[in-house]
Amino acid sequence: NLRRSAVPVTLTIMLLTGWMLLTNPLIWTIGVVMIVILPTLLSYLWNTLRRPNEIERAQHFRNVVKDTSKSTFQSLFSLLCLPFEAMVSMDAMIRSLWRIYISKKNLLQWNPSGTDEKHKLTIVMTFRRMWFSPVLSLATAAYLLAFVPSSFPIALPFLVAWSAAPYIVFRLSKPLPHFKKVISE
């Protein structure tokens, strides 16, 4: 669990450090994107090359493209939510360390997914919950514009996405419209 919790924190730190402190921010940005997207690309290659004999090539290719597009969307979504996931992970790690080594209380306290959200999700609730993404985005933009303007164009797509992350998450969390087909006799 600790390794899994450290991944978003590490990737966010890698991006911020690459943009703010290191000499080649594009390499660091590409590196982080590849860490997130490479499993999808490798899966695509593996699935493309391993076609079962009983499935036609066209059908196999359609299935692989469908699966790959879903995986690519999930990878891009994880990049979109990276600062939020980093904040949630850091909060969990700090709480765990505090409870284990300092307070020695509430060691078994946990909230199952979704139990704290009993009412309908609103845009305000989404922004309140994901506040860290736009704040980090704006703070990073201000820092880059003031101190490292050459990194700003490289970071801009991430900063825009992170600023819009609460709205995008809210829109994606809405159920798809339900269409009823009328069957005529």
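Note that the structure is a prediction, hence the values are computed from the model and not measured. (Residues numbered from 1 in each chain as written. Predicted model: local features only at pLDDT ≥ 70, side-chain atom pairs only at ≥ 80, totals over all residues. Heavy atoms only, no water.)

Novice: Could you give an account of the overall build of the protein chain, naming the residues involved and the relevant values?
Specialist: The helix and strand tally for the protein chain stands at seven helices and zero strands. Each helix and strand of the protein chain, ordered N terminal to C terminal, gives the series α-α-α-α-α-α-α. For the protein chain, the C-alpha radius of gyration of 21 Å lies well beyond 16 Å, the compact-globule estimate for 185 residues. In terms of overall dimensions, the protein chain has a C-alpha envelope of 65 × 45 × 35 Å along the principal axes. Out of the 185 residues in the protein chain, the part that is buried amounts to 26%. (Helix = DSSP H or I, 4+ residues; strand = E, 2+ residues; numbered from the N terminus. Rg over C-alpha atoms; globule rule 2.2 N^0.38 Å. Buried < 20%, exposed > 50% of the residue type's maximum accessible area, 1.4 Å probe, protein only.)

Novice: I'd love a proper account of the side chain of Ser 137, names of residues and values included.
Specialist: With respect to the element layout, Ser 137 can be found in helix α6 (residues 132–147). If we skip the residues at most four places from it in the chain, Ser 137 touches Leu 159, Val 160, Trp 162 and Ser 163. (Contact = heavy atoms within 4.5 Å.)

Novice: Describe the pattern of salt bridges, and please don't skip the residues or the numbers.
Specialist: This structure, assessed with the given rule, holds one salt bridge. In this structure, Arg 95 and Asp 91 form a salt bridge, with 2.9 Å as the shortest nitrogen-oxygen distance. Of this pair, Arg 95 and Asp 91 both sit in helix α4 (residues 82–103), four residues apart, which is roughly one turn of the helix. Asp 91 sits in the partly exposed class, given a relative accessible area of 37%. (Salt bridge = Lys/Arg side-chain N within 4 Å of Asp/Glu carboxyl O.)

Novice: Explain the nonpolar core to me, and be specific about the residues and the numbers.
Specialist: Across soluble globular proteins, nonpolar side chains show a tendency to be buried alongside one another. Formed by 18 residues in total, the largest nonpolar core has its most connected members in Leu 15, Trp 19, Leu 144, Phe 158, Leu 159 and Trp 162. Within the residue set of this core, elements represented by two or more residues are α1 (2–20), α2 (25–49), α6 and α7 (152–173). The residues contacting Phe 158, other than those within four sequence positions of it, are Leu 15, Trp 19, Thr 29, Val 33 and Leu 79. Residues Cys 81, Phe 84, Ala 165 and Val 169 belong to the second largest nonpolar core, which totals six residues. (Core = buried A, V, L, I, M, F, W, Y, C linked by side-chain atoms within 4.5 Å.)

Novice: Let's hear about the packing of aromatic side chains: which residues, and what values?
Specialist: For the structure on display, the rule yields six aromatic pairs. Summarising the aromatic geometry, the rings of Trp 131 and Phe 132 are spaced 5.6 Å apart at their centres and angled 90° between planes, so their arrangement reads as edge-to-face. Taking relative accessible area as the criterion, Trp 131 reaches 44% and is therefore assigned partly exposed. Judged by relative accessible area, which is 23%, Phe 132 ranks as partly exposed. Look at Phe 158 and Trp 162: their rings are 6.0 Å apart centre to centre, the planes differ by 65°, and that puts the pair in the edge-to-face class. Note that Phe 158 and Trp 162 are positioned in helix α7 at a spacing of four residues, about one turn of the helix. Of the two residues examined, Phe 158 and Trp 162, each falls in the buried class. (Phe/Tyr/Trp six-rings, centres within 6.5 Å; stacked < 30°, edge-to-face > 60°.)

Novice: Which residues make up the environment of Pro 134, and what values do they have?
Specialist: Structurally, Pro 134 can be placed in helix α6. In this structure, Pro 134 is in contact with Trp 162, Ser 163 and Pro 166, ignoring residues within four places of it in sequence.

Novice: Lay out the environment of Val 148 with the relevant residues and their values.
Specialist: Its location among the elements puts Val 148 in the loop between α6 and α7. Residues Val 148 and Leu 21, 127 residues apart in the sequence, show an inter-C-alpha distance of 8.4 Å.

Novice: Tell me about the confidence of the model for the protein chain, residues and numbers included.
Specialist: Per-residue pLDDT for the protein chain averages 89, and the proportion of residues at 70 or more is 92%. Within the protein chain, the lowest mean pLDDT, 89, falls on α4, and the highest, 98, falls on α6. (pLDDT = per-residue confidence, 0-100.)

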